Amino acid sequence: MSPGLAAQAADPTAKELIKEGNRYIGEQSKDKVIQIRSEKSVASLTPKIWRVVYRDDTATLKAVEVKFIAGKMDEVKRPFRLLEPITDKRGPLDLKKLNIDSDKAIKLAMKESILENLKITATELKLEHGSDGPVWKVRLWAAKLKNPSKDADIGEITLSAEDGKTVKVDVHLNRVE
């Protein structure tokens with residue numbers, strides 16, 4: 001197996017985590033994803049810690065969350081904090097429109113011309129409702145120009161999860177100075 005394939009096997013995509021998460025929740029919640037979010041990646045552009053939030057009408061706040069660390073289920077809980085997407089009246093995300101997976105979202109975000117000449121060091125992803133279907137929000141960190149061992153949160157690129165087109169670019173280059 002090539003090193004690239006080994007890395008892919010070790011870093012499951014959001015779609016793969018949805019399927020895996022279905023194993024740990026009740027039938028009433030399977031594939032009813034409200035949100036997927038990662039923590040900031042470390043030493044790679046691919047996050048290792050992910051949370052998949054499913055709609056669960058039997059839970060007090062109508063959600064069940066499955067946390068994964070490096071592709072392995074870490075915990076299942078019913079969040080006690082009020083998450084914005086849970087109160088969203090649109091319901092679960094339309095997974096049929098999830099044509100762009102998390103790995104592809106990172107690659108597409110990295111192709112934005114505004115990122116040219118920057119050394120992107122980390123990402124954080126969130127899949128949620130957009131105005132026309134699910135969107136990926138890819139938050140980016142870049143190495144600082146005067147101190148490359150430090151990084152700065154430079155903003156976010158929002159992409160359609162259906163076709164990968166850029167919806168919004170909110171990147172602040174002055175933060176790397």
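Everything numeric here is computed off the predicted structure, so don't read it as measured data.

### Description of the pattern of salt bridges
The tally for this structure, following the rule as stated, stands at 13 salt bridges. A salt bridge links R51 to E39, with the nearest nitrogen and oxygen atoms 2.8 Å apart. A residue pair is termed long-range when its members are at least 10 positions apart, and R51 in strand β2 (residues 49-55) and E39 in the loop between β1 (33-38) and β2 qualify at 12 residues. One salt bridge connects R139 with E156, and the closest N-O pair in it is separated by 3.6 Å. Of the two residues, R139 sits in strand β6 (residues 133-143) while E156 sits in strand β7 (residues 151-160), which places them 17 residues apart along the sequence. Judged by relative accessible area, which is 23%, R139 ranks as partly exposed.

### Re the environment of E124
By the element assignment, E124 lies in strand β5 (residues 120-130). Considering only alpha carbons, one finds E124 and L140, 16 residues apart in sequence, at a separation of 6.7 Å. Those residues within four positions of E124 in sequence are excluded, and the remaining contacts are S38, E39, K40, K137, V138, R139 and W141. Polar contacts involving the side chain of E124 include one to the main-chain amide nitrogen of K40, which spans 3.5 Å.

### Examining the confidence of the model for the chain
Low pLDDT means the predicted atomic positions in that stretch should not be read closely. When pLDDT is averaged across the chain, the result is 90; 89% of the residues are at 70 or more. Every residue in residues 1-8 scores below 50 in pLDDT, and together they form one contact with partners more than four places removed in sequence or on other chains.

### Re the sheet that holds strand β4 (residues 72-77)
Each strand in a sheet pairs with another by means of backbone hydrogen bonds, the pair being arranged parallel or else antiparallel. The sheet built from eight strands is open, its strands ordered β4-β3-β2-β1-β5-β6-β7-β8 with antiparallel pairing. Each having just a single partner strand, β4 and β8 (166-171) make up the two edges of the open sheet. With strand direction ignored, the average angle separating the axes of adjacent strands in the sheet is 15 degrees. Sheet topology note: the β7/β8 ladder contains five bridges and is antiparallel. What sits directly across from E156, in β8, is D170.

### A few points about unusual backbone geometry
Notably, D31 is not glycine yet its phi reads approximately 65 degrees, a positive angle. Overall, D31 belongs to the partly exposed group, its relative accessible area being 42%. Even without glycine at this site, K62 takes up a positive phi of about 65 degrees. Of note, K62 is situated in the loop between β2 and β3 (63-69). On the basis of relative accessibility, which here comes to 31%, the residue K62 falls in the partly exposed class.

Conventions we followed
- Residues numbered from 1 in each chain as written.
- Predicted model: local features only at pLDDT ≥ 70, side-chain atom pairs only at ≥ 80, totals over all residues.
- Heavy atoms only, no water.
- Salt bridge = Lys/Arg side-chain N within 4 Å of Asp/Glu carboxyl O.
- Helix = DSSP H or I, 4+ residues; strand = E, 2+ residues; numbered from the N terminus.
- Buried < 20%, exposed > 50% of the residue type's maximum accessible area, 1.4 Å probe, protein only.
- Contact = heavy atoms within 4.5 Å.
- Polar contact = N/O pair within 3.5 Å; in protein donor to acceptor, adjacent residues only side chain to side chain.
- pLDDT = per-residue confidence, 0-100.
- Pairing = 2+ DSSP bridges.
- Axes fitted to C-alpha atoms, helices over the stretch in contact; angles between N-to-C directions.

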